[in-house]
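Inside the fold
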Amino acid sequence: MEPVQATLKKWLKTNKNFKELYSKLKQDVLNDSDIEAFLINHPELTSNDIERNLMKLYEYRSQSKNCRNCRSLNGCRNMIQGYSPVLEVVERDIHLSYKKCQYRINDERDREKTELIQSLYMPKDILQASIQDIDNDSERGQAVLELHRFIRQVKDGVPEKGIYFHGPFGVGKTYFLGALANSLKDFNISSTLIYMPELVREMRASLKDDSVNKKIDIFKKADVLMLDDIGAEMQSAWFRDEILGSILQFRMMEKRPVFFTSNYSLDQLEKMLATTRSGVETVKAGRIIERIKQVSHEVPVYGRNRRE
């Protein structure tokens, strides 16, 4: 706050017409409608008090005028972007402080909401998806209804089960996840979106620096977990049992929902999970499917290929 006052004092001292300019400055400051109202509300201030604090009043006037004409945070011309000056009187001394303006408050709120969404290798357009942009055509009707039902239930607390969306390529399954994540942030609910093929590679790479458990904990504890394109990843017994199984087991026990997208129904996915380099393991694959059923319910998604 000092730079404006210090610069002004230095300029006045070096100017030959000091008295004349100082008198004009004082008149301009005291004629300001906001400052005039402030002084009326504080009749205890004497002329000496006002004279002593004239530089603070000048700074307030210069900064507050900027705020009056401001239309956005990026357009802020104050010394500290997004902060408005505030005057108060403490023991007949005028104090000048700064508070966040509404543009700054809104910007910080938006940033906080954005940080509620974590993603791993998800396309940018998916992270910007909006529930309002989802058209409710007849072929996707059930899926859209289920999505809206979950969002309505969130108002009373996060439901225990998510949704397993499955259907052909390009019908909008992944877009549903992005739209849901952006809706949840309005309720201050965090979500983590993961593209499954990249998750497999990420976990394998993490073996080198022993960060596997740390990353698994993030996926376990998100308010809402979203696994995109399950079944598209290369299958391995290690990933199925130690990574996916561990995440689903935790969320099942803690009653935390998981959303999935897949090109495969649960019956088809079970057959895929059973086949690994270790052979065919139907029991272990069935265990994963049962956990998926505990944290979600299956909903088919049909419709035209929107990527074409």
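Relevant structure appears above.
1. Some words on the overall build of the protein chain
- The number of helices and strands found in the protein chain is 14 helices and ten strands.
- What you see for the protein chain is a C-alpha radius of gyration of 30 Å, clearly larger than the 19 Å of a compact globule of 308 residues, by over 25%.
- Across the 308 residues in the protein chain, those meeting the buried criterion constitute 45%.
- Excluding contacts between residues fewer than 6 apart, the proportion of contacts in the protein chain whose partners are at least 24 apart in sequence is 75%.
- Counting 49 positive and 45 negative side-chain charges, the protein chain places the centres of these two groups 3 Å from one another.

2. A closer look at the pattern of salt bridges
- Under the definition given, this model contains 14 salt bridges.
- Salt-bridge contacts for Arg 240 lead to Glu 281; the nearest nitrogen and oxygen are separated by 2.4 Å. Note that Arg 240 is positioned in helix H12 (residues 237–254) and Glu 281 in the loop between strand S9 (279–280) and helix H14 (282–295), a separation of 41 residues in sequence.
- Connected through shared salt-bridge partners, Asp 49, Arg 52, Lys 56, Arg 92 and Asp 93 make up one network.

3. Quick word on the packing of helix H10 (residues 196–206) against helix H11 (residues 212–221)
- Between H10 and H11, the shortest axis-to-axis distance is 8 Å and the interhelical angle comes to 145 degrees. Taking contact as the criterion, the partners of Leu 199, Glu 202, Met 203 and Ser 206 in H10 are, on H11, Val 212, Lys 215, Ile 216 and Phe 219.
- Residues belonging to the contact of H10 with H11 are distributed by class as follows: five nonpolar, one polar and two charged.

The rules behind the values
- Along each chain, the written sequence defines residue order, and numbers are assigned to residues from 1.
- Local features in this predicted model are restricted to residues whose pLDDT is 70 or higher, and side-chain atom pairs enter the listing and the counts only when it is 80 or higher, whereas totals over whole chains, interfaces and linings include all residues.
- Side-chain measures were taken over the full set of non-hydrogen atoms in the model, leaving aside hydrogen atoms and water.
- Working definition: helices are DSSP H or I runs of at least four residues, strands are E runs of at least two. Numbering for both runs from the N terminus.
- As a reference, a globule follows 2.2 Å times the number of residues to the power 0.38, and the radius of gyration itself is taken over C-alpha atoms.
- Type-normalised accessible area, obtained with a 1.4 Å probe on protein chains alone, sets the label of each residue: buried when under 20%, exposed when over 50%, and partly exposed for intermediate values.
- Residue contacts follow a heavy-atom distance rule, with two residues in contact if any of their heavy atoms lie within 4.5 Å.
- Positive charges are assigned to Lys and Arg, negative charges to Asp and Glu, while His and the chain termini are left out of the count.
- Just so you know, the charge point we use is NZ for Lys, CZ for Arg, CG for Asp and CD for Glu.
- Counted as salt bridges are all cases of a side-chain nitrogen of Lys or Arg within 4 Å of a carboxyl oxygen of Asp or Glu.
- Interaxial angle, 0 to 180 degrees, is taken between N-to-C directions of lines fitted to C-alpha atoms, where a helix line uses only the stretch in contact.
- All amino acids are sorted into three groups, where Ala, Val, Leu, Ile, Met, Phe, Trp, Tyr, Cys and Pro are nonpolar, Asp, Glu, Lys and Arg are charged, and the leftover types, Gly among them, are polar.

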